[in-house]
Amino acid sequence: MDALNRRALLSLDFVIVGGSIAGLAAAYRLCKAGHKVRVLERASGPVRRAGGVRLPPNLTNILYEWGLGDKIAQQAQRTCGSECISLDTGEVVGRLLWLEEIMTEIGAEFLLMHYADLHSILHAAALAAGAHISYNATVVSVLANPPRVRLANGEELQADMVIGADGPHSLVRDAIEGERENNVSDRSSLSTYLATIPREQLKKEPDLEAFTNAELGGPQVWRMLLIFNWQRGGSEYAVIAFWPDDETDTTEDGWDISIPRKKFVVDGDSRHRILDLSPNLFRIRYVDRESPSEWTDESGRLLLIGEAAHPSFPCNTQGCSLQVEDAEVLGSLFSRLHSWDQLPYFTEAFQEIRQPRCHTVHSKEKMGFQLVRLPPGPDRDARDEVFRAMMHSGLQGWDEGKIRWQWEELGEVFGYNAREAAEDWWVQWGMLRERSQKQGAPGIPIPIEVTEVKIAQDDPGHEQ
């Protein structure tokens, strides 16, 4: 039986805190594995966040295996590479094309789509699989043994397991680690701005019209600005800008909070004002957050996934991918559940499988981000020369060395298969434990102690 259709002999009741991509994907996958799932989301309804997301092959592979390929294809746009464009001069200083043979070997496409469209597809899939999704459900405390959550309305919900898909300010993480004064390792002077611009509006701007005819489909990278020609039949552009903070600006930030438009005019260059074409902007501050050392408590009844387990900087390429990979590994492991003493073993296995992968991807993403946003100076000049050399070399065709280099660069990240990672762990370690259990080895005890973390309902830092 394939992993997606395998159902656990022991069915659990899960409560998932947070109904964004990570929460919905986990809900879908756990329901398919034979479990009962309730998702608690503090928002008033399904998320309709503005802006675009990237779906690299390691993500689209999973969505295709889940049977969502047709729905994704209706909303997404294919891309085959990216261009690097100077924000100061408009010059194309580099171009990276992904070789068709390599993408074919990886087995999936790189797609671009609207965040709300991806969220809507996963929302519908989770409901169809049997998940129950509650909105206006603000969790104010999380407890363990027995696992339960308390809501702002006074209701208490008990479950066999509580999963934290509630972002970098995770309540479930607080219940595992204890309350933290600060989990910020680096608060930079940057904010991330998100905007959506109608294609027709760009066509009216003589110096911006060229971006409506992008050959590659995006993304196009400027020094501190990313532009996507991608979504909804090419009728919209998504723009992501990393821009210096104004220290006097105390406007609240968040992907669901619209803020007044800002002027991005520098030296009168109209390319800097592209964000001002959007009717509204969304902003979140760039913060480098520390990952928790433990993703689960000793009982195995509390578990972190997504941004609660491995926070990253906003709008990175693999953000949604890692969250959906988490869901696939979680579903694959818990489709094999047949006894209570497997719980702490499976949650530890989840971290063992996912933590190295997430660390590797975040490290690569951070290096790429720092390379793109270099300020004017010798380092940036040297980078641009390397980009130009690679672009001119690429125009001369592909030799064996270039093909091998791109495969090594893309294969590790794009070629990762979350289902195979979970199944490989089972063959190497899970089956070994099963055999030892049958031979009379003692089970793993589940400790009985209650921990509680309370968060004030009006805490502005609390996110679900």
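- You'll find the protein entered in an unreviewed UniProt entry as FAD/NAD(P)-binding domain-containing protein, with Leucogyrophana mollusca given as the organism.

## Comments concerning the overall build of the protein
Argument step 1. Broken down by element type, the protein carries 12 helices and 20 strands.
Argument step 2. For the protein, buried positions account for 57% of its 464 residues.
Argument step 3. Taking contacts inside the protein between residues at least 6 apart in sequence as the whole, the part at least 24 apart equals 76%.
Argument step 4. Element-wise, carbon and sulfur atoms account for 50% of the exposed surface of the protein, whose accessible area totals about 20200 Å².

## Thoughts on the pairing of strand 2 (residues 36–40)
Argument step 1. Relative to strand 2, strand 1 (residues 13–17) runs parallel, the two being bridged by 5 bridges. Residue Val15 lies in a different strand from strand 2, and its bridge partner there is Arg38.
Argument step 2. In this fold, strand 1 hands off to helix 1 (residues 21–32), which returns the chain to strand 2; that crossover is right-handed.
Argument step 3. Relative to strand 8 (residues 132–134), strand 2 runs parallel, the two being bridged by 3 bridges. Note that in strand 8 the partner of Val39 across the bridge is Ile133.

## Topic: helix 5 (residues 115–129)
Argument step 1. In a regular helix each residue adds 1.5 Å, so 15 residues correspond to 21 Å; helix 5 covers 21 Å between its end C-alpha atoms and thus fits that length.
Argument step 2. For helix 5, the set of buried residues is Tyr115, Ala116, Asp117, Leu118, His119, Ile121, Leu122, His123, Ala125 and Ala126.
Argument step 3. Gly130 lies just past helix 5 and shows a positive phi near 115°.

## Overview of the nonpolar core
Argument step 1. The biggest cluster of nonpolar side chains holds 84 residues, and the ones touching the most others in it are Trp66, Leu118, Val149 and Phe334.
Argument step 2. With 9 residues, the top contributor of residues to this core is helix 1.
Argument step 3. Those residues within four positions of Trp66 in sequence are excluded, and the remaining contacts are Leu4, Ala25, Tyr28, Arg29, Leu122, Val324, Ala327 and Glu328.
Argument step 4. Counting residues in each nonpolar core, the second largest holds 14 residues, with Tyr237, Leu275, Leu277 and Leu281 among its members.

## Here's the deal with the pattern of salt bridges
Argument step 1. Scanning the entire structure with this criterion turns up 15 salt bridges.
Argument step 2. Between Glu177 and Arg173 there is a salt bridge whose closest N-O contact spans 3.0 Å. Residue Glu177 and its partner Arg173 are located together in helix 6 (residues 171–177), separated by 4 residues, close to a single helical turn.
Argument step 3. Owing to a relative accessible area of 34%, Glu177 belongs among the partly exposed residues under this scheme.
Argument step 4. What emerges from the salt-bridge pattern is a single network uniting Glu325, Asp326, Arg354 and Arg357.

## Focus on helix 2 (residues 57–65)
Argument step 1. Most of helix 2 sits inside the fold, with 7 of its 9 residues counted as buried.
Argument step 2. When we look at burial in helix 2, the residues that qualify are Pro57, Asn58, Leu59, Thr60, Asn61, Ile62 and Leu63.
Argument step 3. Looking at the residues trailing helix 2, positive phi occurs at Gly67, about 80°.

Rules used in this analysis
Per chain, residues are indexed from 1 in the order of the written sequence. The model is predicted, so local features are restricted to residues of pLDDT at least 70 and side-chain atom pairs to those at 80 or more, both for listing and for counting; the totals for chains, interfaces and linings are taken over all residues. No hydrogens and no water enter the side-chain calculation; it runs on all heavy atoms of the structure. Numbering of helices and strands runs from the N terminus; a helix is a DSSP stretch of H or I covering at least four residues, while a strand is a stretch of E covering at least two. Working definition: with a 1.4 Å probe on protein chains only, accessible area under 20% of the residue-type maximum means buried, over 50% means exposed, and in between means partly exposed. Contact definition: two residues touch when any of their heavy atoms are within 4.5 Å. Under the convention used here, a 1.4 Å probe and the Shrake-Rupley method define accessible areas, while residue burial counts only the protein chains that appear. A pair of strands is treated as paired once DSSP finds two or more bridges between them. Convention used here: a crossover is right-handed provided that the path from the first strand, over the helix, to the second strand proceeds clockwise when the strands point away from the viewer. Working rule for helices: expected span equals 1.5 Å times residues minus one. In these notes, a set of buried Ala, Val, Leu, Ile, Met, Phe, Trp, Tyr and Cys residues joined through side-chain atoms within 4.5 Å is what counts as a nonpolar core. By definition here, a salt bridge exists when the distance from a side-chain nitrogen of Lys or Arg to a carboxyl oxygen of Asp or Glu is within 4 Å.

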